[in-house]
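Coordinate inspection notes
Okay, here's what each chain looks like letter by letter:
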Amino acid sequence: MTATAPHVTCIGLANVDAIASVSNDFITEHIIALEASTILGACQTGKLLGKLSSPDFFPGGCAANTACGLSLFGIDTRFVGKTGDDIYADIFRRGFGGHNIVFDTPPHAMRMTSTCLTLITPDKNRSFAICTDTAGWYIDENDLPDLSSHPDASVYLETNATKIKTDTSGQSLLQKAVSKYAQQNVRIFVNLNDWEIVAAAREQLLDLLGRDVSFFIGNIQELVTLFESTDKQDALDSAAQTGQNFAITDGPNGAYAIENKTVAHVPAEALHVSRIKN
């Protein structure tokens, strides 16, 4: 834990990835959407996990990975996310070892730590199976730290937070967090981290375009989904017209930075084979 106050707070799923190679027949037999995400019940997830052959377990989650990346640059960082009180929580917490990250969100006493089954078929494509009735999906509004005393604070939110309901008002954790931190003059970054979630939460996300969000981050497929565009250029133009700031990746085509209603293309850098680790 750092001795100084963290000035980037990353909020999202505390998740453990269970990665395993499977056959195409395994995907079909268990009705898993190929190269997409499938929502399972807690019992289904447990049974499926037990059928995987020698899975590897790694701590993960978009916000947690981002927190680790920021810490490598010497940035004091806090992660806010919910685990259970189990062996998977231990795996998750060990993932922060060696990183300059504060993680003090109390665990959920009644639910297991969230897992994401990452199933790799022989063609190396990935399919995901997740359960939303696990601890990671139960972050409470009271878990959100007060950042009003930090004049240079930033907060990073992942789109999964649109699926987390904090109370009976119907508002999601993402909406609550944006409202809270906008009032505290905190810079807010929203990551459009999954095109399927973007599609499901499109109205929430479009509403945020008129709010005090400093930057939207994502890839071109997520941007096309957000604006229901016909092609890449249409999505980029639609994003520019909102007046918001965007950082959008486009695979081998590089990336796009959108600021002041202007789209700038950043070409991809050729990667020499000597820099490829795996």
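Everything numeric here is computed off the predicted structure, so don't read it as measured data.

Secondary structure summary: the protein contains nine helices and 14 strands in total. Its C-alpha atoms put the protein at 50 × 45 × 40 Å along the principal axes. Looking at the protein as a whole, 47% of its 278 residues qualify as buried. By sequence separation, contacts in the protein at least 24 residues apart represent 69% of the contacts at least 6 residues apart. If you sum the accessible surface of the protein, you get close to 13900 Å²; carbon and sulfur atoms cover 51% of it. For the protein, the distance from the average position of its 20 positive side-chain charges to the average position of its 32 negative side-chain charges is 3 Å.

For the rest of this paragraph, the subject is the side chain of Thr118. Tracing the sequence through the fold places Thr118 in strand β7 (residues 114–120). Looking at Thr118, the relative accessible area reads 6%, which means it is buried. Residues within four places of Thr118 in sequence aside, it is in contact with Asp17, Ala18, Ile19, Ala20, Arg126, Ser127 and Phe128.

What the five strands build is an open sheet, ordered β3-β8-β7-β2-β4; its pairing is mixed. What marks the edges here is a single partner per strand, and that holds for β3 (37–40) and β4 (56–60). Between one strand axis and the next, the sheet turns by 25° as a mean value, whatever way the strands run. Sheet analysis places strand β2 (residues 15–21) next to β4, joined by five bridges and oriented antiparallel. Across the sheet, Val16 pairs through a bridge with Pro59, a residue of β4.

We now examine the nonpolar core. Within the largest apolar cluster, 42 residues are counted, with the highest numbers of intra-cluster contacts made by Tyr181, Leu223 and Phe246. Mapped by element, the contributors of at least two residues to this core are β9 (154–158), α5 (173–183), β10 (187–191), α7 (202–208), α8 (220–227), α9 (232–241), β12 (246–249) and β13 (255–259). Counting residues per element, this core draws most heavily on α5, at five residues. Among residues more than four places away in sequence, those in contact with Tyr181 are Ile11, Leu144, Pro145, Leu147, Val155, Val186 and Ile188. Core analysis: the next-biggest nonpolar cluster, separate from the first, contains 29 residues, Cys10, Ile27, Cys68 and Phe79 among them.

Residue placement: Leu174 occurs in helix α5. Counting along the chain gives 38 residues from Leu174 to Asp212, while the straight-line C-alpha distance between them is 13 Å. Setting aside chain neighbours within four positions, we find Leu174 in contact with Leu157, Glu158, Ala161, Thr162, Val190, Leu205 and Leu208.

Attention now goes to helix α3 (residues 62–72). Buried residues of α3: Ala63, Ala64, Ala67, Cys68 and Ser71, and no others. Summarising the axial view, the buried residues of α3 lie within an arc of 140°, below the 170-degree limit, and thus occupy one face. Looking at the buried side of α3, the elements it contacts are β1 (8–11), β4, β5 (77–80), α4 (87–94), β6 (101–102) and β9.

Next up on the list: the pairing of β1. Going residue by residue along β1, you find Val8 and Cys10 tucked away on one face and Thr9 and Ile11 tucked away on the opposite face as well. Relative to β5, β1 runs parallel, the two sharing four bridges. Paired with Ile11 across the two strands is Val80, which belongs to β5. Here β1 runs beside β9; their pairing, made up of four bridges, is parallel. Bridge assignment links Ile11 to a residue of β9, and that residue is Leu157.

The topology assignment puts Asp143 in the loop between β8 (126–131) and β9. A distance of 3.2 Å separates a polar atom in the side chain of Asp143 from a polar atom in the side chain of Lys82. Residues within four places of Asp143 in sequence aside, it is in contact with Val80, Lys82, Thr105, Pro106 and Tyr138.

Cut-offs used in this document
Residues numbered from 1 in each chain as written. Predicted model: local features only at pLDDT ≥ 70, side-chain atom pairs only at ≥ 80, totals over all residues. Heavy atoms only, no water. Helix = DSSP H or I, 4+ residues; strand = E, 2+ residues; numbered from the N terminus. Buried < 20%, exposed > 50% of the residue type's maximum accessible area, 1.4 Å probe, protein only. Contact = heavy atoms within 4.5 Å. Areas by Shrake-Rupley, 256 points an atom, 1.4 Å probe, with all protein chains shown as cover. Lys, Arg positive; Asp, Glu negative; His and termini not counted. Charge placed at Lys NZ, Arg CZ, Asp CG, Glu CD. Pairing = 2+ DSSP bridges. Axes fitted to C-alpha atoms, helices over the stretch in contact; angles between N-to-C directions. Core = buried A, V, L, I, M, F, W, Y, C linked by side-chain atoms within 4.5 Å. Arc of directions from axis to C-beta. Polar contact = N/O pair within 3.5 Å; in protein donor to acceptor, adjacent residues only side chain to side chain.

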